[in-house]
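So you can see what is in the structure, the chains are spelled out below.
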Amino acid sequence: NQQTMEVDMVRLRELEKGDYQAIIVDDTCFMREPDITRFVSGQYQKGVSVVIVAIEGFYDLSPLRNCFDVDWNLSAYERNTVRLNKLGKKIIGREAFPEASVYTKSHFVVGEGELFHTNHRKGSPVVTVVRGSKSVSYFGFVNWRDVAYG
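What counts and what doesn't
Residues numbered from 1 in each chain as written. Predicted model: local features only at pLDDT ≥ 70, side-chain atom pairs only at ≥ 80, totals over all residues. Heavy atoms only, no water. Phe/Tyr/Trp six-rings, centres within 6.5 Å; stacked < 30°, edge-to-face > 60°. Helix = DSSP H or I, 4+ residues; strand = E, 2+ residues; numbered from the N terminus. Buried < 20%, exposed > 50% of the residue type's maximum accessible area, 1.4 Å probe, protein only. Lys NZ or Arg CZ within 6 Å of the ring centre and 35° of its normal. Contact = heavy atoms within 4.5 Å. Pairing = 2+ DSSP bridges. Axes fitted to C-alpha atoms, helices over the stretch in contact; angles between N-to-C directions. Expected span 1.5 Å × (residues − 1). Core = buried A, V, L, I, M, F, W, Y, C linked by side-chain atoms within 4.5 Å. Salt bridge = Lys/Arg side-chain N within 4 Å of Asp/Glu carboxyl O.

A. Fine view of the packing of aromatic side chains. What the rule picks out here adds up to five aromatic pairs. Ring geometry for Tyr-59 and Tyr-77: centres 6.3 Å apart, planes at 85°, overall edge-to-face. Note that Tyr-59 is positioned in the loop between β2 (49-53) and α4 (62-68) and Tyr-77 in strand β3 (residues 72-84), a separation of 18 residues in sequence. In this structure Tyr-77 comes out as partly exposed when scored by relative accessible area, which is 34%. Ring pairs connect the aromatic residues Phe-30, Tyr-44 and Phe-68, which therefore count as one cluster. The ring of Tyr-44 carries the charged tip of Lys-134 above its face, separated from the ring centre by 4.2 Å.

B. Here's a closer look at the environment of Gly-123. Mapped onto the elements of the fold, Gly-123 is located in the loop between β5 (116-118) and β6 (126-131). The residues contacting Gly-123, other than those within four sequence positions of it, are Ser-75, Phe-108, Val-109, Val-110, Glu-114, Phe-116 and Thr-118.

C. Inspection of the sheet that holds β3 at higher detail. With respect to topology, three strands assemble into an open sheet ordered β4-β3-β5, the strand pairing being antiparallel. Each end of this open sheet is capped by a strand with a single partner; those strands are β4 (102-111) and β5. Put simply, the sheet's adjacent strands are angled 60° from each other on average, direction ignored. Sheet topology places β3 next to β4; ten bridges connect them, and they run antiparallel.

D. Quick look at helix α3 (residues 34-45). The terminal C-alpha atoms of α3, which comprises twelve residues, lie 16 Å apart, in line with the 16 Å expected from a rise of 1.5 Å per residue. Of all the residues in α3, the buried ones are Thr-37, Phe-39, Val-40, Ser-41, Gln-43 and Tyr-44. Phi turns positive, to about 105°, at Gly-47, one or two residues after α3.

E. Expanded view of the nonpolar core. Residues Phe-30, Ile-52, Leu-64, Phe-68, Trp-72, Val-136 and Tyr-138 are the most contacted members of the largest nonpolar core, which totals 25 residues. Only β1 (22-26), α2 (28-32), α3, β2, α4, β6 and β7 (134-139) provide two or more residues apiece to this core. Not counting residues up to four positions away in its chain, the partners in contact with Val-136 are Tyr-44, Val-50, Ile-52, Phe-68, Val-70, Trp-72, Val-127, Thr-128 and Val-129.

F. Region of the structure containing the pattern of salt bridges. One pass over the full model with this rule turns up six salt bridges. Between Asp-60 and Arg-65 there is a salt bridge whose closest N-O contact spans 3.9 Å. According to the relative accessible area criterion, Asp-60 is partly exposed, its value standing at 45%.

Rendered as structure tokens:
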């Protein structure tokens, strides 16, 4: 059982008054910070795009499935060679991910919106689902030295 982190509720209420195009959060809030999870979910429902960065790493993606209605499941946490797939080239672009392939340690997610291929396993370290003007993305890269732009 993970302990709930202390959240500055005054600051969170101030943030709730803002207008955003996108919010970037780490995965910790979905495990231990229900107030921040509610804020992120509410912003997403208002049309704000959300980017979730793996800090602690999920082995159970049900909080994301429940919050964003996505069909994502963890397939592995390992090192593997990744390269952009067709959807990845369209969304991320070769300018943001210039290498043909990168050997990296990541949380690999199976489901809609996979942006990378691997040679040995199903799943992608980055998944994105776009719905109208909003999107939700999960970045499972765990080492910035492997993938500085991930």
